[in-house]
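Structural features, examined
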Amino acid sequence: QKEVEQNSGPLSVPEGAIASLNCTYSDRVSQSFFWYRQYSGKSPELIMSIYSNGDKEDGRFTAQLNKASQYVSLLIRDSQPSDSATYLCAVPAQNFVFGPGTRLSVLP
Amino acid sequence: DAGVIQSPRHEVTEMGQEVTLRCKPISGHDYLFWYRQTMMRGLELLIYFNNNVPIDDSGMPEDRFSAKMPNASFSTLKIQPSEPRDSAVYFCASRRDLGEAFFGQGTRLTVV
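Residues numbered from 1 in each chain as written. Chains lettered and ligands numbered in written order. Predicted model: local features only at pLDDT ≥ 70, side-chain atom pairs only at ≥ 80, totals over all residues. Heavy atoms only, no water.

1. Quick notes on the overall build of chain A
- In terms of regular secondary structure, chain A is built from 0 helices and 11 strands.
- Helices (α) and strands (β) of chain A occur, in sequence order from the N terminus, as β-β-β-β-β-β-β-β-β-β-β.
- Radius of gyration (C-alpha) of chain A: 13 Å, near the 13 Å computed for a compact globule of 108 residues.
- C-alpha extents for chain A along the principal axes are approximately 40 × 30 × 20 Å.
- Looking at the 108 residues of chain A, the share that counts as buried comes to 45%.
- Taking as baseline every contact in chain A between residues at least 6 positions apart, the subset at least 24 positions apart corresponds to 52%.
- Within chain A, one finds 9 positive and 10 negative side-chain charges whose respective centroids are separated by 3 Å. (Helix = DSSP H or I, 4+ residues; strand = E, 2+ residues; numbered from the N terminus. Rg over C-alpha atoms; globule rule 2.2 N^0.38 Å. Buried < 20%, exposed > 50% of the residue type's maximum accessible area, 1.4 Å probe, protein only. Contact = heavy atoms within 4.5 Å. Lys, Arg positive; Asp, Glu negative; His and termini not counted. Charge placed at Lys NZ, Arg CZ, Asp CG, Glu CD.)

2. Quick look at the interface of chain A and chain B
- In this assembly, 17 residues from chain A lie in contact with 18 residues from chain B.
- Approximately 1400 Å² of surface area, both sides summed, lies buried where chain A meets chain B, with 55% of it carried by carbon and sulfur atoms.
- At the surface where chain A touches chain B, the tally comes to 4 residue pairs in polar contact (both at pLDDT 80 or more).
- Those elements that place two or more of their residues in the side of chain A that touches chain B are β4 (33–38) and β10 (97–98) of chain A.
- The greatest single-element share of the side of chain A that touches chain B, amounting to 3 residues, is contributed by β4 of chain A.
- Residues belonging to the side of chain A that touches chain B are distributed by class as follows: 10 nonpolar, 5 polar and 2 charged. (Buried area = accessible area lost by both parts, 1.4 Å probe. Polar contact = N/O pair within 3.5 Å; in protein donor to acceptor, adjacent residues only side chain to side chain. Nonpolar A, V, L, I, M, F, W, Y, C, P; charged D, E, K, R; others polar.)

3. A look at the packing of aromatic side chains
- All told, the structure shown has 17 aromatic pairs over all chains when counted by the stated rule.
- Seen from their ring centres, F33 of chain B and Y48 of chain B are 5.4 Å apart, and the 25° between their planes marks the pair as stacked. Of this pair, F33 of chain B sits in strand β4 (residues 31–38) while Y48 of chain B sits in strand β5 (residues 42–50), and the two are 15 residues apart along the sequence.
- F33 of chain B gets classed as buried once you look at its relative accessible area, which sits at 0%.
- Under the relative-accessibility criterion, Y48 of chain B is labelled buried at 4%.
- With a centroid separation of 5.9 Å and 85° between ring planes, the pair formed by F91 of chain B and F103 of chain B is classed as edge-to-face. With F91 of chain B in strand β9 (residues 88–95) and F103 of chain B in strand β10 (residues 102–103), the pair connects residues that are 12 residues apart, well separated along the chain. Of the two residues, F91 of chain B and F103 of chain B, both sit in the buried class.
- Among the aromatic residues, ring-to-ring pairing joins F34, Y36, Y51, F96 and F98 of chain A together with Y31, F33, Y35, Y48, F91 and F103 of chain B into one connected group. (Phe/Tyr/Trp six-rings, centres within 6.5 Å; stacked < 30°, edge-to-face > 60°.)

Below, the structure is given as structure tokens:
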């Protein structure tokens, strides 16, 4: 089993809709989880981190963590065309492995 | 801090040549990671260092790849000899403790 799995997409949503991105992981001891965004031709950048079960909100972004199910998700409310990018889930542990990423397209 | 600095930004080389990619991590960060990104394989971890010591190099694809970190402010990734299938974007990233990783701008390598 791969360490971190994501839906590869592409995921297309209309402008203003909610985009839902999902990630599952196999490392039960990880305590922190990160979501990165990568625009085409650019390097990944951190947009959300979450450390405890439940929800964490930051502006239009909400990260949800369920350690028992080894599942973390990212919701983007009021999606904008500028949100079109690849979203990478990272389960740091020590070796900071990333999932394959989900490509999101927000259609005007 | 200027962030993670990689050089060169672009490299075009002929098959069989040696390629050296360079990285300067953020000052004070004790972890350094080398990744390779392609459309087919995504972002792959090649090797990472902790306090300048290589911890896990299981992602290094072949013996043609080697990485060093002679001090806390410099690391290299070397490919010798290079092959067309090594063409990819190579990222360096650094982190402090178990915090977020910060990425450099990457080196786009093309082997012809």
